[in-house]
Amino acid sequence: MFTSTFDWFLAGIFFLLAIVFFAGKGQGILDAFSGKYREKKKLSPENQLRYQRAVGVFLIVLSAVEVFMALLENQIMGIISIVVTVVDLIAIITYVRKLYD
């Protein structure tokens, strides 16, 4: 979609954020972006860790898509990246809803 340098940059950012979430240190990032939509129900520490790991997996998938976009540089990769991102987003929303039930 953009230049391959931008794709590599995004892949690096997504990968670094995934490492932060896998380490269990992503609560500050989640709080910064939650705004007025803070959690109404508190998660247990185990479910909070599962939630952060799910976000980490989401970011790893996004990072992999960006790497493929940087390497292949085809028009079809834009469509593939949108499809993979939407499927990844649906999967994380489904998983997170189970954590809150």
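None of the values given here were measured: they were computed from a predicted structure.

Details of the overall build of the chain
Now for step 1: Secondary structure summary: the chain contains four helices and zero strands in total.
Now for step 2: When the helices and strands of the chain are placed in sequence order, the string is α-α-α-α.
Now for step 3: Oriented by its inertia axes, the alpha-carbon framework of the chain measures out at about 45 × 25 × 20 Å.
Now for step 4: Scored against the burial criterion, the 101 residues of the chain give a buried share of 31%.

With respect to the confidence of the model for the chain
As a note on interpretation, predicted positions should not be read in detail where pLDDT is low.
Now for step 1: Across the chain, the average pLDDT comes to 87, with 91% of residues at or above 70.
Now for step 2: Across the chain, the element-wise mean pLDDT spans from 80 in helix α2 (residues 27-34) up to 94 in helix α1 (residues 4-22).

A closer look at the side chain of Ser81
Now for step 1: Within the secondary structure, Ser81 is located in helix α4 (residues 76-100).
Now for step 2: In this view, Ser81 contacts Val65 and Met69; residues no more than four positions away in its chain are not counted.

Regarding α4
Now for step 1: Across its 25 residues, α4 extends 37 Å between first and last C-alpha, which sits within 8% of the 36 Å expected from 1.5 Å per residue.
Now for step 2: Taken as a whole, α4 has its buried residues at Met77, Gly78, Ser81, Asp88, Ile92, Val96 and Leu99.
Now for step 3: Tucked inside the fold, the buried residues of α4 contact α3 (45-72).

Some words on the nonpolar core
Now for step 1: Within the largest apolar cluster, 14 residues are counted, with the highest numbers of intra-cluster contacts made by Phe21, Tyr51, Val55, Phe58, Leu59, Leu62 and Ile92.
Now for step 2: Listed by contribution, the elements that provide at least two residues to this core are α1, α3 and α4.
Now for step 3: Excluding residues that lie within four positions of it along the chain, Leu59 makes contacts with Phe14, Leu17, Ala18 and Phe21.

Here is what the cut-offs are and how they apply
- Residues numbered from 1 in each chain as written.
- Predicted model: local features only at pLDDT ≥ 70, side-chain atom pairs only at ≥ 80, totals over all residues.
- Heavy atoms only, no water.
- Helix = DSSP H or I, 4+ residues; strand = E, 2+ residues; numbered from the N terminus.
- Buried < 20%, exposed > 50% of the residue type's maximum accessible area, 1.4 Å probe, protein only.
- pLDDT = per-residue confidence, 0-100.
- Contact = heavy atoms within 4.5 Å.
- Expected span 1.5 Å × (residues − 1).
- Core = buried A, V, L, I, M, F, W, Y, C linked by side-chain atoms within 4.5 Å.

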